[in-house]
Amino acid sequence: MKDSLSLGASREAALEHAAALVAHAWRDFDSPRESETEISELLINELRKPLPEQGSDVIESLDAAGDVLDASLAQSRPRYLAYIGSSGLEIGALADLLAHSYDINLALDARAATRLEAQTIGWLADFLGFPARLGSFTSGGTISNITALAAARERALPGSRTTGLSDTRPAIYCSAEAHYSITRAAELLGFGRNAVRDIPIDEQRRMQPEALRAAIALDLANGVTPVAVIATAGTTLTGSVDPIAALADICESFGIWLHVDGAYGLPAASAPLTAPLFAGLSRADSVSVDAHKWMFVPKACSAVLVRDARTLARTFAHDEAYIPHEDDELNAVDITLEYSRPLRAMKLWLALRVHGAQAFRAAIADNCEQAQHLYRSAKAHPRFEVLASPPQLSIVPFRHVLPGCTDLDAHNLDVCARMQRDGRVYISPATIDGQVWLRPCFTNFRTTMADVDITLKIADELGCIGPHDHPPTK
Ligand SMILES: Cc1ncc(COP(=O)(O)O)c(C=O)c1O
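Below you will find a few notes about this structure. (Residues numbered from 1 in each chain as written. Predicted model: local features only at pLDDT ≥ 70, side-chain atom pairs only at ≥ 80, totals over all residues.)

1. Focus: the overall build of the protein chain
Then, number 1: Looking only at helices and strands, one finds 16 helices and 11 strands in the protein chain.
Then, number 2: The globule rule puts the C-alpha radius of gyration for 474 residues at 23 Å, and the 24 Å found for the protein chain is close to it.
Then, number 3: Seen through its principal axes, the protein chain has C-alpha atoms that stretch 65 × 60 × 45 Å.
Then, number 4: Counting all 474 residues of the protein chain, 43% fall into the buried class.
Then, number 5: Residue pairs at least 24 apart in sequence account for 74% of intrachain contacts in the protein chain once pairs closer than 6 positions are excluded. (Helix = DSSP H or I, 4+ residues; strand = E, 2+ residues; numbered from the N terminus. Rg over C-alpha atoms; globule rule 2.2 N^0.38 Å. Buried ≥ 20, exposed ≤ 12 C-beta atoms within 10 Å, placed from the backbone. Contact = placed C-beta atoms within 7 Å.)

2. Some points on helix 16 (residues 449–463)
Turn by turn, an α-helix covers 3.6 residues, leaving residues three or four places apart pointing in a common direction.
Then, number 1: Between the first and last C-alpha of helix 16 there are 21 Å, a value that for 15 residues agrees with the 21 Å anticipated at 1.5 Å per step.
Then, number 2: At its buried positions, helix 16 is contacted by helix 14 (357–380), strand 8 (384–386), strand 9 (398–400), helix 15 (408–422) and strand 11 (435–438). (Expected span 1.5 Å × (residues − 1).)

3. Side note on the site of the ligand
Then, number 1: Lining the immediate environment of the ligand, one finds 14 residues, of which G140, G141, T142, H179 and A263 sit closest.
Then, number 2: If you tally residues by element for the shell around the ligand, the top one is helix 6 (residues 141–156), at 3 residues.
Then, number 3: Residue composition of the shell around the ligand, by class: 3 nonpolar, 9 polar and 2 charged. (Near = placed C-beta within 6 Å. Nonpolar A, V, L, I, M, F, W, Y, C, P; charged D, E, K, R; others polar.)

4. Quick notes on the nonpolar core
Then, number 1: Membership of the largest hydrophobic core comes to 120 residues, with the highest contact counts inside it found for I172, Y173, V229, L258, L305 and L348.
Then, number 2: Not counting residues within four places of it along the chain, the set of residues in contact with Y173 comprises R197, I199, L212, A215, I216, P226, V229 and I230. (Core = buried A, V, L, I, M, F, W, Y, C linked by C-beta atoms within 7 Å.)

5. Thoughts on unusual backbone geometry
Then, number 1: The step from K299 to A300 runs through a cis peptide bond, and the omega angle for that step is 0°.
Then, number 2: Despite not being glycine, R111 has its phi angle at roughly 60°, a positive value.
Then, number 3: Among the secondary structure elements, R111 is positioned in the loop between helix 4 (90–102) and helix 5 (112–128).

6. Some words on the pairing of strand 3 (residues 196–199)
Then, number 1: When strand 2 (residues 170–175) meets strand 3, the two strands line up parallel, connected through 4 bridges. In the sheet register, Y173 faces strand 3, and the bridge partner there is R197.
Then, number 2: Note that the unit made of strand 2, helix 8 (residues 181–188) and strand 3 has a crossover that is right-handed. (Pairing = 2+ DSSP bridges. Right-handed = clockwise from strand over helix to strand, strands pointing away.)

7. Side note on the sheet that holds strand 6 (residues 286–290)
Then, number 1: Spatial ordering of the open sheet is given by 1-7-6-5-4-2-3, a layout of 7 strands whose pairing is mixed. The open sheet is flanked by strand 1 (134–138) and strand 3, the only strands paired with a single partner. With direction set aside, neighbouring strand axes in the sheet form an average angle of 20°.
Then, number 2: With 5 bridges joining them, strand 6 and strand 7 (residues 302–306) adopt antiparallel strand pairing. Bridge pairing links S288 to V304 in strand 7. (Axes fitted to C-alpha atoms, helices over the stretch in contact; angles between N-to-C directions.)

8. A word on the packing of helix 4 against helix 13 (residues 345–355)
Then, number 1: Contact geometry of helix 4 with helix 13 gives a least axis separation of 8 Å together with a crossing angle of 135°. By the angle between their directions, the pair helix 4 and helix 13 is classed as oblique. Helix 4 and helix 13 meet at a crossing whose hand is right-handed. On helix 13, the residues that touch I91, G92, A95, D96, L98 and A99 of helix 4 are M346, K347, L350, A351 and V354.
Then, number 2: Grouping the amino acids of the contact of helix 4 with helix 13 by side-chain chemistry returns 8 nonpolar, 1 polar and 2 charged. (Parallel < 35°, antiparallel > 145°, perpendicular 65-115°, else oblique. Left-handed = near helix turned anticlockwise from the far one by under 90°.)

Right, dumping it as structure tokens:
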């Protein structure tokens, strides 16, 4: 390609080649692989090359991209169980290619794409059982949470976007195990991290409503302004769902904004067996949900849904000379943090259109069943221990208990590192109540029960090989 940004005559061949690479990847994801691809010397050298002044052959360059992807950790693989993964849903990947090719900007009215985003927000609201069909797509749960809490700030402290917070003492309330994006929101929105009240959790690791009520009453007595309560609907650590209805009662009695952070867990509100955990959701002022987690589409595809879009407009709208406001119609940019915004909704829209909501509910239920199966199997195994209560959603912390081992924390860190090197299953560790646990999370529609069984088998196999003579903890 000579000094041009068009693929020219190679265009169709490039598309065909890219399609072949994608088809190869999809076939590869159909079943787990027995080891991860090493990063070859050749690839290391490729990734050290300086800025190319001249272009290279597109087919050869696409192959180089394919090599990089093949030697990377792909969350699409059925045994990627670390952190909270995703699945790279096929139709979602195709949607991204299509949407990115048109490169529509969802800042101002983009005609049909604007309607598609609104329709998808409506579908998502119906899927989750949240009655307000308003909101927008964002780049992630972190941004969705910040967006919602910015709106809560403006409601609790009207005009604060203009005057700042200097004369106020705001506070927000969440479970001690809320995601740290809530703390980041407090930092960014000017509350300060000390304004985050970590409310104690019960034995099922859910926020204790009475402790919340007491914390709010104490703050009010001290002249502090409660801005929002954040219920976590699926904690990142163990998948616990806070008692939303009880928290809604408290929020209603004090007139406080209730935000539900369902970035990970909220899609389970759609599945009959787990739906009761989310009772009270319809009473929230706002919710966050990441379709790029448990609705399987590729990143980034989060959404923030609100009961009243005007609260977002009051927080974010500006009257800029070049932004048209006909008939008081809100532009997307009036209710979001971003200006340039891709058509993230298209992957969820196409996914729901192609597969139907029922297929999503079934896949979510399967992941929950996999978690229950792992919990039961680990509990029954002589060399594993599990938490006292079964998983509420699809995260199942377990520990390998090697007879005679005096430092189970170091041992489990070792087991986890060995599993990551081994490559058959990818898992991450987590610290729960000061102890190290292995913490698989099932959010991939490709994962099977056989993958669950082999996860325990490999953890035991790699847990039982030495050396494990760690010094006793002091
Ligand atoms: C409960 C919860 N909230 C928020 C987030 C942040 O989401 P994102 O990574 O999409 O910004 C996560 C991420 O795991 C999460 O588990």
